[in-house]
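Residue strings, one per chain:
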Amino acid sequence: MTELFTENYLAWIAIAAVCVLIGHAVFTGTSKRVFFFAGFGACVLALAIGAYLVFFLQTDSKLVRKTIYDLADAVEHNDVERVVEMVSATATRTRRIARVQMALADVEHTKVTDLHVDEINRLTSPPRARVHFRASASGKATGIDSYPFTVLIEFTAVELRLEPDGHWRVTDNCSFNYPGYSTTGDGY
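Let us look at the structure shown here. (Residues numbered from 1 in each chain as written. Predicted model: local features only at pLDDT ≥ 70, side-chain atom pairs only at ≥ 80, totals over all residues. Heavy atoms only, no water.)

A surface patch of nonpolar side chains, amounting to about 780 Å² of accessible area, comprises Tyr9, Leu10, Ile13, Leu47, Tyr52, Phe55 and Phe56. Of all the elements in the fold, those that place two or more residues in the nonpolar patch are helix 2 (9–30) and helix 3 (33–56). The greatest single-element share of the nonpolar patch, amounting to four residues, is contributed by helix 3. Structurally, the position occupied by Leu10 is in helix 2. (Patch = residues over 30% accessible without salt bridge, like charges linked within 9 Å, V, L, I, M, F, W, Y side chains within 5 Å. Areas by Shrake-Rupley, 256 points an atom, 1.4 Å probe, with all protein chains shown as cover. Salt bridge = Lys/Arg side-chain N within 4 Å of Asp/Glu carboxyl O. Helix = DSSP H or I, 4+ residues; strand = E, 2+ residues; numbered from the N terminus.)

Compared with the 16 Å implied by 1.5 Å per residue over twelve residues, the 17 Å span of helix 6 (residues 92–103) between its first and last C-alpha is a close match. For helix 6, every residue scored as buried is listed here: Thr94, Ala98 and Met102. Each buried residue of helix 6 sits inside an arc of 60° when the element is viewed along its axis, so together they form one side. Along helix 6, the residues that are exposed and aim more than 90 degrees away from the buried face are Thr92, Arg96 and Ala103. (Expected span 1.5 Å × (residues − 1). Buried < 20%, exposed > 50% of the residue type's maximum accessible area, 1.4 Å probe, protein only. Arc of directions from axis to C-beta.)

Bringing the layout of surface pockets into the picture now. What the largest pocket holds in volume is close to 1000 Å³. Val75, Gln101, Ile153, Phe155 and Tyr178 are the residues nearest the centre of the largest pocket, which is lined by 35 residues in total. Elements supplying a minimum of two residues to the lining of the largest pocket: helix 4 (60–76), helix 6, strand 1 (105–121), strand 2 (128–141), strand 3 (148–162) and strand 4 (168–182). Partitioning the lining of the largest pocket into residue classes produces 28 nonpolar, four polar and three charged. (1 Å grid on protein atoms, 1.4 Å probe; cavity = no way out; pocket = protein on both sides within 12 Å on 5 of 7 lines; lining within 4 Å. Points joined across faces, edges and corners; volume = space filled by probe spheres on them. Nonpolar A, V, L, I, M, F, W, Y, C, P; charged D, E, K, R; others polar.)

This is how it looks when you write it as structure tokens:
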């Protein structure tokens, strides 16, 4: 429910419109300009509060999404250490897979789509989040056979945990599908 007000600016526009309509209705009924200006002031206040909550307040959901986008950016820049840094220290399998896969390719472009935060649970120890999204990467394979590739991966469930340093990091609890893979370099 809080996401309605912290991530959706349309809710605040609706609240502001209601404030103006109430102010106008009272002004029309009483002909006192003070009610119109009070409605207008409430509208401006609602828009200011909404702008702060939507654009500046950092919620767990926004931070989890930022982690996924930062991870994709690190992959695109072929920054293995940054990728591994975004994986929890307890997720040794995922760290190992990331190092091996990053060594096999020179990624030129990544894209994350359909990113949804399914759950954030701060009651667990440590707090956990679950997301799902689609990611695509294109580039060239490294080694003797340097061929172009494009891969589309559908992450059906990725679990992140809130580390003691305040950052959300990927755990070993990930499941994904490969709905598309191409070695022609022409993409999808």
